[in-house]
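Here is what each chain is made of, one letter per residue.
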Amino acid sequence: MSSENLLLKDFRPRPRLFVKETFIEKPRFPVIDAHNHLAEPFGGGWDKRPLSALLDILDAAHVRTYIDLDGGWGEDVLNFHLDYFKTPAPERFVMFGGVDWNAWAEHSDHFAEWAAGRLRFQAARGAQGLKIWKLFGLHVRDHHGALVAIDDPRLDPIWATAGELKLPVIIHVADPAAFFDPLDETNERWEELHGQPDWQFPSPPFPSFMTIMNGLASLVERHPETTFIGAHVGCYSENLGWVGNLLDRCPNFYVDISARISELGRQPYSSRQFFLQYADRILFGTDVGPNLDYYRLVYRFLETDDEYFNYGLSEIPGQGRWFIYGLYLPDDVLQKVYFQNARRVILGER
Ligand SMILES: [Zn+2]
């Protein structure tokens, strides 16, 4: 290969750095995985595989409870997941329900009351939370065909009902920020977006990243009785100052760290400070299905002071060509992040 013509996709630099590499076989405390999936496309289709194989992985990873966000839009998937996973192993799984946005056309002005009613039904059936997927703010439209803002007051009955039923809302909007930037040579997610062209949200036609994020902040502020968990470090892991500000203003706001050790680990000083300051507000999560190697990688990130390591399991990490640094969190913080916060916020236990 001529070095003059080396393409970025062929570049495979091997660091010549000699630094400590720690293998973490088991986490220092048992774990609740507060953000994950069991169905396609994010969870690996475990709703079609034997439950015993899944439990073996969770046992090996010391994951005590696994939060499955794939309850879906309607109730069919939720019911199936409750029967297939939770009934045989009730201590090990928690299922979240969802909102069927497509039903807005049918229910027009009464959509939110209808969706709140479905939420009551899902909770009675066994759902323990509500998952709001990223199409909210980007694609969800009302019965007039108009894009719905995150803090649209017409949806208040849904959030109020979640609060009344003590169902935490895991919400993912907008993130990552670079998906809203032009796809040119300055976009740090260039390789990822070339692989997944439909993950781009240029504005227009989409709202800007900050329009959606300000909508999230206003939603959380307007519903202090409802618990919101901002997925992927509050949907803005690139800006921990912004997330910390919302945490300061809103005691009903929490974050999970799923699929973002890439971002946290490239700003290790800020991240460590963030974990120490907001130790009661951060929930462990992975978002890549039940994957033993990935669990161990996240444990390594949280527990060790290892330097400059890959945040993913592929040779070229998927979210961008950088490496990360461990946070060597103290035991009291690890305990809160690994299970105490999720036990209190999601399971409602003290
Ligand atoms: Zn997810």
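Residues numbered from 1 in each chain as written. Predicted model: local features only at pLDDT ≥ 70, side-chain atom pairs only at ≥ 80, totals over all residues. Heavy atoms only, no water.

A.B. asks: Any chance you could explain the overall build of the protein chain here in plain terms?
C.D. replies: Within the protein chain one finds 13 helices and 8 strands. Here the C-alpha atoms of the protein chain give a radius of gyration of 20 Å, agreeing with the 20 Å that 2.2 N^0.38 yields for 350 residues. Counting only C-alpha atoms and orienting by the principal axes, one finds that the protein chain spans roughly 65 × 45 × 40 Å. Here the protein chain holds 350 residues, and the buried ones make up 54% of them. Residue pairs in contact within the protein chain that sit at least 24 positions apart in sequence constitute 76% of those at least 6 positions apart. A total of about 15700 Å² of accessible surface is found on the protein chain, and carbon and sulfur atoms cover 53% of it. Across the protein chain, the centroid of the 34 positively charged side chains sits 4 Å from that of the 49 negatively charged ones. (Helix = DSSP H or I, 4+ residues; strand = E, 2+ residues; numbered from the N terminus. Rg over C-alpha atoms; globule rule 2.2 N^0.38 Å. Buried < 20%, exposed > 50% of the residue type's maximum accessible area, 1.4 Å probe, protein only. Contact = heavy atoms within 4.5 Å. Areas by Shrake-Rupley, 256 points an atom, 1.4 Å probe, with all protein chains shown as cover. Lys, Arg positive; Asp, Glu negative; His and termini not counted. Charge placed at Lys NZ, Arg CZ, Asp CG, Glu CD.)

A.B. asks: Explain the pattern of salt bridges here, please?
C.D. replies: It is possible for side chains of opposite charge to pair when their charged atoms get near one another. Per the stated rule, a full pass over the model turns up 23 salt bridges. Measuring nitrogen to oxygen at the nearest pair gives 2.6 Å for the salt bridge that ties Lys-20 to Asp-305. Highlighted residues: Lys-20 in the segment before strand E1 (31-36) and Asp-305 in the loop between helix H12 (292-303) and helix H13 (331-345), separated in sequence by 285 residues. A relative accessible area of 44% means that Lys-20 is categorised as partly exposed. (Salt bridge = Lys/Arg side-chain N within 4 Å of Asp/Glu carboxyl O.)

A.B. asks: Would you explain helix H4 (residues 111-125) in this entry?
C.D. replies: Note on helix geometry: an α-helix contains 3.6 residues per turn, so any two residues three or four positions apart are oriented the same way. Helix length check: H4 (15 residues) gives 21 Å between terminal C-alpha atoms against 21 Å at 1.5 Å per residue, within 8%. Each element contacted by the buried residues of H4 is listed here: helix H2 (76-86), helix H3 (104-107), strand E4 (130-132) and helix H5 (156-164). (Expected span 1.5 Å × (residues − 1).)

A.B. asks: I'm lost on the coordination of the zinc ion in this one. Help?
C.D. replies: Octahedral metal centres with six donors ideally show angles of 90 or 180 degrees, and tetrahedral centres with four donors ideally show 109.5 degrees. Around the zinc ion, the protein contributes the donor atoms His-35 (NE2), His-37 (NE2) and Asp-287 (OD), which lie 2.1 Å from the metal centre. The sequence motif formed by the donor residues of the zinc ion is H-x1-H-x249-D. Placement of the pair is His-35 in strand E1 and Asp-287 in the loop between strand E8 (282-283) and H12, with a sequence separation of 252 residues. The class for His-35 is buried, based on a relative accessible area of 1%. (Donors = N, O, S within 2.8 Å, 3.2 Å for Na, K, Ca; no water.)

A.B. asks: It is not clear to me how the side chain of Thr-304 should be interpreted in this structure. Could you clarify?
C.D. replies: With respect to the helices and strands, Thr-304 occurs in the loop between H12 and H13. Judged by its relative accessible area of 6%, Thr-304 is buried. Setting aside anything within four residues of it in sequence, one finds Thr-304 in contact with Thr-22, Ile-24, Tyr-299, Gly-326, Leu-327 and Tyr-328.

A.B. asks: Please clarify how a nonpolar patch on the surface should be interpreted in this entry.
C.D. replies: Judged by side-chain polarity, Leu-6, Leu-8, Phe-11 and Trp-190 come together as a nonpolar surface patch covering roughly 350 Å² of accessible area. Looking at the secondary structure, you find Leu-6 in the segment before E1. We classify Leu-6 as partly exposed; its relative accessible area is 37%. (Patch = residues over 30% accessible without salt bridge, like charges linked within 9 Å, V, L, I, M, F, W, Y side chains within 5 Å.)

A.B. asks: What am I meant to see in the packing of aromatic side chains here?
C.D. replies: Considering all chains together, one arrives at 26 aromatic pairs under this definition. When the ring of Tyr-299 is compared with that of Tyr-338, the centres are 5.7 Å apart and the planes differ by 90 degrees; the resulting orientation is edge-to-face. On the criterion of sequence distance, the pair formed by Tyr-299 in helix H12 and Tyr-338 in helix H13 is long-range, its members being 39 residues apart. Classification of Tyr-338 by relative accessible area gives buried; the value is 0%. An angle of 35 degrees between the planes, with centres 5.9 Å apart, marks the rings of Tyr-311 and Trp-322 as tilted. Remark: Trp-322 occurs in the loop between H12 and H13 and Tyr-311 occurs in the loop between H12 and H13; sequence separation between them is 11 residues. Take Tyr-311 and Trp-322: they sit in the same class, and that class is buried. Three or more aromatic residues joined by ring pairs form one cluster here, namely Trp-101, Trp-104, Phe-111, Trp-114, Phe-136, Trp-159 and Phe-228. (Phe/Tyr/Trp six-rings, centres within 6.5 Å; stacked < 30°, edge-to-face > 60°.)

A.B. asks: Can you help me understand the packing of helix H1 (residues 51-61) against H12 in this one?
C.D. replies: When two helices pack together, their arrangement is given by the angle between their axes and by how far apart the axes lie. Close contact between H1 and H12 brings their axes to 9 Å; oriented N to C, the two are set at 20 degrees. Comparing their axes, H12 and H1 come out roughly parallel. When you trace H1 past H12, the crossing you get is right-handed. Where H1 abuts H12, its residues Ile-57, Leu-58, Ala-60 and Ala-61 lie against Leu-292, Tyr-295, Arg-296 and Tyr-299. Of the residues that constitute the contact of H1 with H12, the class distribution is 7 nonpolar, no polar and 1 charged. (Axes fitted to C-alpha atoms, helices over the stretch in contact; angles between N-to-C directions. Parallel < 35°, antiparallel > 145°, perpendicular 65-115°, else oblique. Left-handed = near helix turned anticlockwise from the far one by under 90°. Nonpolar A, V, L, I, M, F, W, Y, C, P; charged D, E, K, R; others polar.)

None of this, on its own, says anything about what the molecule does.
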